[in-house]
Amino acid sequence: MMFTASFATSFRFAAFALCLLFSLPACHAQVQMQVTDKNYLDTQGFSVFLYDSTYHPVFVDQKNTAMEMILHGQRIATNGDVRLMPTPEQWDLVATLKERHADKENNRLTADLAFPTFDLNYTVEVAAEPGGVKVSVHLDKPLPQKLAGRAGFNLEFLPSIYMGKTYLVDGDRAGILPRTPNDAMVKVLPLADEPKKAYYLEDWEKAKGYTEPLPFAQGKSITLGVDDALARINIKSDTADLMLFDGRNRAQNGWFVLRSLIPSGKTTGAIVWHIRPDVIPSWTRPPMIAHSQVGYAPDFSKVAVIELDPKYNGPKTAKVLRLMEDGAYKQVFEGPITPSTPWLRYVYSKFDFTAVKDPGLYVIEYADQRTAPFPISKDAYAKIWQDSLDHHLAEQMDHVSVREGYRVWHGASHLDDGRMAPVVGEQFDGWNQATATDGKYKGGDHIPGMNVGGWYDAGDFDLEEPAQLSVIQSLALAYREFHLNYDELTVDETARQVEMHRPDGVPDTVEQVKHGALLILAQFHNIGHAIRGTHEPDLRQYTHLGDGASKTDGRIYDPHLGPNEVKGDYSGKPDDRWIFTSNNPFFQWNAIAALAAAADTLKGWDDALAKDCLETAIKAWNDEKAHPTVPAGRAFGAEAPDGALEGGVLAASQGTVAGGQRTRKSNGNSGAPAGSASANPPAAPPAGFDPAAFEATMDWTAALELTIATDGAESYKSRLKELFPKVITPQQMGFSGWTAVRALPYLDASAKDQLHDAVKTYMAGLDKQLNATPFGVPPSLGTWGGSGAVVDMAIRMYFLHRAFPDLVSPEYTLRAVNYILGTHPVSSTSYVAGVGTVSKTKTYSNNRADNAYIPGAVIPGYIIIKPDFPECIDDFGFLWFEDEAVVAGSASWVVAGNAADVIIKESK
């Protein structure tokens, strides 16, 4: 029996034992690939994709496109294509895809590509052959001389699979793939007539010295993972030598890169590789038992989802065993699994063990798989949110130092904030300053008073406006809804110091709301309105990992001082972050809502600040009504306002959006429970989205929070009544309509009946949507993992259940929470770092260079590597679309976790 505390570990052990029965040549000989109906090459245990997705238009290389290989259920390689350097980074030049073809008759994939600036046109061909695939690169005409020694075919291999494993070159030269990059570096200057890059890329490359690593292995044949039955693969070149590079020499998120240079003078077959995976005969992926890693409450539903290889022939029942005090396992239940349902490349069965109610420790057993232990307890959900509040959100606090016992997470950071961003066109990460001046400030001017409050948004250090607004509103809601007086932090804003595990008598939610409110107030007091946010001025800062306080010198830039000159609190180093003052009505209305929510929360704790928040919100409301902020465009498409996709425009005005994805830093983790500013707008309009209703109800959230903060002042209450019919339509219910339950005390008695009917209609449609996947939650269909949409569902269903228990079962919230905690595809690892028996412990956080995590960070979770491969890699933290937690997600999880706990406790 295998103990599957790590699904990947048991996965590897089973495969290794099976492969010992077979010789390597026999494994190769059995591989015969075919083009499937989904247009990729496949055989049992091995798949090859070719440009089922493309490089991102803004963020370019996300390690999930071009030629990709999946071996024994793991994506081992990606980015197979011609590149102009051996270890390209995220923003380096990539080819343009013109067309792709799948030839079923000849079992061949082709992609036509070009580097137009260099007049380089070519085709990548991947064709089935006995034992694997043949990869060829055909050029339309011989390689331009300027690209000789530069253009080559690259294929990148996942470090977490191969580092520490052995390799062989030409059958007799052995080595170990390094855990730490340590190769010689050489300077490779850009080509004289290379196309001009964005200014920030030019500056970045110059700062790094134009360095590239030399290969650490070279030959005609290279076998990787010789000692790993699941990852062993051989590549032979008929043309130029294979060279093996370590991309981590240039960046911690680099992969191992196998490369052959394109020779001069050749066209057809300029590159020819033969790839031979060591596929285990008759291999099937072991069952994966998805369940909650924190356990279950005694009297509520308990359903595990078993993910199965379509060719796996297993038992029709599963078992629950109780872990006894002496370490023995005692079977307490056996029940049927449901008939399997196909979804993507796997099939799924459910195992209902709700009948097991006695408190204790348990495991689930199916076939030869056994889960890690989990409790059944009435307190199962009691602490699932605490790390998110007192570790992740605390660690992300900007402009203060954060200490935990002996450890300093970071010093007081960005005390030199900030300079108004100049107009330089679109900056990296999708940022853009729209105007050269804003009030009395112009680009480059220091804006005083902006070095207070706020949270690092995600794995980097910028202050995303929608994220700040979302955190404030989520935590304000958690404090008020759940009477959340939990206190484990000491926060001293004057001293700029935060201490973990040091209660100071003030609820942590209150202190965090205050921290966010200080930043938003600074914007209104010093600039006059909400802003796009605060961002790094260059890529050297943007890619900074470690202590945020070491990213800048903390001194205000003075252009009259020399580059290394310091004079008091001023220096000649222009490293101060840029403040993007661009505004739009979505940010403005939600900043008003956030300040109103903060005012209501801070009452009795900091009355002076509460008064400032409320007065500022009211003044901004009146100003916006009298002089509306001019929108830069619609919420979607080419006319989207500045920051629409990156910064949360749709969700910022409409509340949480199930399934919403950000272009980059988002896991759909808006949480925005009060129709707040989410950090996660959809990259395209969700089904049922009504742009007219969206724009017509932008001020709903502000009206709601001001109504609550003023105890029902007529001007805001009347606006609620006016908007109420518009926000409870079937199209709007999943956006902001559900937040109308919080408005009911201020509306006419008939409003509850109207809302009841709207919820009834909404739930009927929702059930159909949720039944589309085996997990009964919104699927992750975008370029970023969709865990945030599931957290949104948990929150939304909690409030609807509270208002209409006859229509909405509490099980919706618990199902969503259990999903985040392990009942999801790929593996049963909890998406909340450090929470649960088995959880994600390598995340895309600002400490990712240490292969570490910040407790309580909620990762995006699985995405679909197109066309059909669900992926969330447990032991690798450098894929932002799977691993990067945003602060808005942690704040949302505080709400969702408390909602689950309250549901259980109130049932008693």
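The model shown is predicted, which means the values in this text are computed figures rather than measured ones.

*Asks:* Please clarify how the overall build of the protein should be interpreted in this entry.
*Replies:* Check the secondary structure of the protein and you find 21 helices and 45 strands. Relative to its full complement of 908 residues, the protein shows a buried share of 63%. Within the protein, counting contacts between residues at least 6 apart in sequence, those at least 24 apart form 70% of the total. A total of about 31200 Å² of accessible surface is found on the protein, and carbon and sulfur atoms cover 52% of it.

*Asks:* Explain helix α14 (residues 700-709) here, please?
*Replies:* Turn by turn, an α-helix covers 3.6 residues, leaving residues three or four places apart pointing in a common direction. Of all ten residues in α14, ten are buried; the element is thus mostly enclosed. When α14 is considered as a whole, its buried residues turn out to be W700, T701, A702, A703, L704, E705, L706, T707, I708 and A709. Following α14 by one or two positions, D711 adopts a phi angle in the positive range, close to 55 degrees.

*Asks:* Sorry, what's going on with the pattern of salt bridges here?
*Replies:* Where charged atoms from two side chains of opposite charge approach closely, those side chains can pair. For the structure on display, the rule yields 44 salt bridges. In this structure, K63 engages E156 in a salt bridge whose closest nitrogen and oxygen atoms are separated by 2.6 Å. Taken together, the residues K63 in the loop between β4 (46-50) and β5 (67-71) and E156 in strand β11 (residues 152-157) connect sequence positions 93 residues apart. Side by side, K63 and E156 carry an identical accessibility label, which is buried. We note a salt bridge from D623 to K619, for which the minimum N-O separation is 2.9 Å. Of this pair, D623 and K619 both sit in helix α10 (residues 607-626), four residues apart, roughly one helical turn. The class of D623 is partly exposed, set by a relative accessible area of 35%. On the basis of relative accessible area, K619 is assigned to the exposed category, the value being 53%.

*Asks:* Honestly, the sheet that holds strand β9 (residues 120-129) in this entry has me stumped. Any pointers?
*Replies:* Sheet strands pair via backbone hydrogen bonds, and the direction of the pair is either parallel or antiparallel. One open sheet holds the nine strands; their spatial order is β7-β8-β9-β10-β21-β18-β17-β12-β13, and the pairing between them is antiparallel. Unpaired on one side and paired on the other, β7 (96-103) and β13 (173-176) mark the two borders of the sheet. Between one strand axis and the next, the sheet turns through 15 degrees on average, direction left out of account. In this sheet, strand β8 (residues 108-115) lies alongside β7 in antiparallel orientation, the contact comprising seven bridges. Across the sheet, the residue bridging to T96 is A114, located in β8.

*Asks:* Got a minute to help me understand unusual backbone geometry in this structure?
*Replies:* A negative phi angle characterises most non-glycine residues, just as the trans form characterises most peptide bonds. Residues D417 and G418 are joined by a peptide bond in cis, for which omega reads -20 degrees. The omega angle of the peptide bond from K866 to P867 is 10 degrees, so this bond is cis rather than trans. Topologically, P867 is positioned in the loop between β44 (863-865) and β45 (869-871). Even without being a glycine, K63 presents a positive backbone phi close to 60 degrees. Phi is positive for D170, which is not a glycine, with a value near 55 degrees.

*Asks:* When you look at the nonpolar core in this model, what are you seeing that I'm missing?
*Replies:* Core analysis: the largest hydrophobic core is formed by 217 residues, its most contacted members being M69, Y122, F157, Y162, Y381, L755 and W893. Looking at this core, the element that brings in the most residues is helix α9 (residues 585-602), giving 13 residues. Counting residues in hydrophobic clusters, the runner-up holds 18 residues, among them I289, A318, F351 and Y366.

*Asks:* Help me understand the packing of aromatic side chains, please; the structure alone is not making it clear to me.
*Replies:* Both the distance between ring centres and the angle between the ring planes are used here to describe each pair of aromatic rings. By the definition in use, this model includes 34 aromatic pairs. Look at F333 and F351: their rings are 6.0 Å apart centre to centre, the planes differ by 40 degrees, and that puts the pair in the tilted class. A residue pair is termed long-range when its members are at least 10 positions apart, and F333 in strand β25 (residues 329-336) and F351 in strand β27 (residues 346-352) qualify at 18 residues. Look at Y844 and W880: their rings are 5.8 Å apart centre to centre, the planes differ by 80 degrees, and that puts the pair in the edge-to-face class. Separated by 36 residues along the polypeptide, Y844 in the loop between α19 (811-820) and β44 and W880 in helix α20 (residues 880-883) bring together distant segments of the chain. Comparing Y844 with W880, the two get one shared label, buried. R285 extends its terminal NZ or CZ atom over the ring of Y346, reaching a point 4.4 Å from the ring centre. When the ring centre of Y329 is taken as reference, the NZ or CZ atom of R370 above it lies at 4.3 Å.

*Asks:* Would you mind showing me how to read the sheet that holds strand β41 (residues 566-567) here?
*Replies:* Strand order in the open sheet formed by three strands is β40-β42-β41, with mixed pairing between adjacent strands. The open sheet has two edge strands with one neighbour each: β40 (556-557) and β41. Of the strand pairs in this sheet, β41 and strand β42 (residues 570-571) are connected by two bridges, and their pairing is antiparallel. Bridging across to β42, V566 finds its partner in S571.

*Asks:* What exactly am I supposed to notice about helix α4 (residues 199-208) here?
*Replies:* Buried within α4 we find Y200, L201, W204 and E205. The arc that holds every buried residue of α4, seen down its axis, measures 130 degrees, which confines them to one face.

*Asks:* Explain the environment of W605 here, please?
*Replies:* Its place among the elements puts W605 in the loop between α9 and α10. W605 gets classed as partly exposed once you look at its relative accessible area, which sits at 39%. Distance from W605 to V506, taken between C-alpha atoms, is 7.6 Å for residues 99 residues apart in sequence. Non-local contacts of W605, meaning those with residues more than four positions away in its chain, are made with Y479, G505, V506, P507 and V510.

*Asks:* Please explain the side chain of K63 as it appears in this structure.
*Replies:* According to the relative accessible area criterion, K63 is buried, its value standing at 10%. A distance of 2.6 Å separates the side chain of K63 from the side chain of E156, its partner in a polar contact. If sequence neighbours within four positions are ignored, K63 has contacts with E68, R75, T78, N79, P88, E156, N253, W255 and L879.

*Asks:* What am I meant to see in the packing of helix α5 (residues 386-395) against helix α7 (residues 508-526) here?
*Replies:* Packed helices, taken two at a time, are described by the angle their axes make and the gap between the axes. Contact pair α5 / α7: the axes reach a minimum separation of 11 Å and the direction vectors enclose 20 degrees. Of the possible angle classes, the one that applies to α5 and α7 is roughly parallel. The handedness of the crossing between α5 and α7 is left-handed. Across the interface between the two elements, L389, D390, L393 and A394 from α5 touch D508, T509 and Q512 from α7. Looking at the contact of α5 with α7 residue by residue, the classes come out as three nonpolar, two polar and two charged.

*Asks:* Would you take a moment to explain the pairing of β13 for this structure?
*Replies:* If a strand is regular, its side chains alternate between the two faces of the sheet. As paired strands, strand β12 (residues 166-169) and β13 are joined by four bridges and run antiparallel to one another. Bridged to L168 within β13 is A174.

*Asks:* Help me understand the environment of P559 in this model?
*Replies:* With respect to the secondary-structure elements, P559 resides in the loop between β40 and β41. With 14 residues separating them in the primary sequence, P559 and K573 have C-alpha atoms 8.2 Å apart.

*Asks:* Please clarify how the side chain of D508 should be interpreted in this entry.
*Replies:* If you trace the backbone, D508 turns up in helix α7. Despite its burial, D508 pairs with no opposite charge, the nearest such side chain being R502 at 12 Å. Each residue touching D508, except ones within four places of it in the same chain, is listed here: L389, D390, Y486, D487, E488 and L489.

*Asks:* Which parts of the structure should I look at to understand the confidence of the model for the protein?
*Replies:* When pLDDT drops low, the exact placement of atoms in the prediction is not to be read closely. When pLDDT is averaged across the protein, the result is 90; 90% of the residues are at 70 or more. A low-confidence stretch, residues 1-6 stays under pLDDT 50, and its non-local contacts, those more than four residues away or across chains, total 22 contacts. Of the regions scoring below 50 in pLDDT, residues 11-26 engages in 29 contacts with residues more than four places distant in sequence or in other chains.

*Asks:* Is there a simple way to explain the packing of helix α6 (residues 465-482) against α7 in this structure?
*Replies:* Closest axis-to-axis distance for the α6/α7 pair is 9 Å, and the angle between their directions is 145 degrees. Between α6 and α7 the crossing geometry is left-handed. In this structure, α6 uses E465, Q468, L469, I472, L475, A476 and Y479 to contact α7, whose residues at the interface are T509, V510, Q512, V513, G516, A517, L519, I520 and Q523. The class makeup of the residues in the contact of α6 with α7 is ten nonpolar, five polar and one charged.

*Asks:* Just checking my understanding: could you explain the environment of K302 for this structure?
*Replies:* As for its position among the elements, K302 is in the loop between β22 (288-290) and β23 (303-308). With relative accessibility at 0%, the residue K302 sits in the buried group. C-alpha separation for the pair K302 and T354, spaced 52 residues apart in sequence, amounts to 4.6 Å. If we ignore the near neighbours within four places in the chain, the residues touching K302 are Y296, A297, F351, D352, F353, T354, V356, K357 and I376. Among the polar contacts made by the side chain of K302, one reaches the main-chain carbonyl oxygen of A297 at a distance of 3.3 Å. Reaching out from K302, the side chain makes a polar contact with the backbone oxygen of V356 at a distance of 3.1 Å.

Parameters and conventions
- Residues numbered from 1 in each chain as written.
- Predicted model: local features only at pLDDT ≥ 70, side-chain atom pairs only at ≥ 80, totals over all residues.
- Heavy atoms only, no water.
- Helix = DSSP H or I, 4+ residues; strand = E, 2+ residues; numbered from the N terminus.
- Buried < 20%, exposed > 50% of the residue type's maximum accessible area, 1.4 Å probe, protein only.
- Contact = heavy atoms within 4.5 Å.
- Areas by Shrake-Rupley, 256 points an atom, 1.4 Å probe, with all protein chains shown as cover.
- Salt bridge = Lys/Arg side-chain N within 4 Å of Asp/Glu carboxyl O.
- Pairing = 2+ DSSP bridges.
- Axes fitted to C-alpha atoms, helices over the stretch in contact; angles between N-to-C directions.
- Core = buried A, V, L, I, M, F, W, Y, C linked by side-chain atoms within 4.5 Å.
- Phe/Tyr/Trp six-rings, centres within 6.5 Å; stacked < 30°, edge-to-face > 60°.
- Lys NZ or Arg CZ within 6 Å of the ring centre and 35° of its normal.
- Arc of directions from axis to C-beta.
- Polar contact = N/O pair within 3.5 Å; in protein donor to acceptor, adjacent residues only side chain to side chain.
- Parallel < 35°, antiparallel > 145°, perpendicular 65-115°, else oblique.
- Left-handed = near helix turned anticlockwise from the far one by under 90°.
- Nonpolar A, V, L, I, M, F, W, Y, C, P; charged D, E, K, R; others polar.
- Lys, Arg positive; Asp, Glu negative; His and termini not counted.
- pLDDT = per-residue confidence, 0-100.

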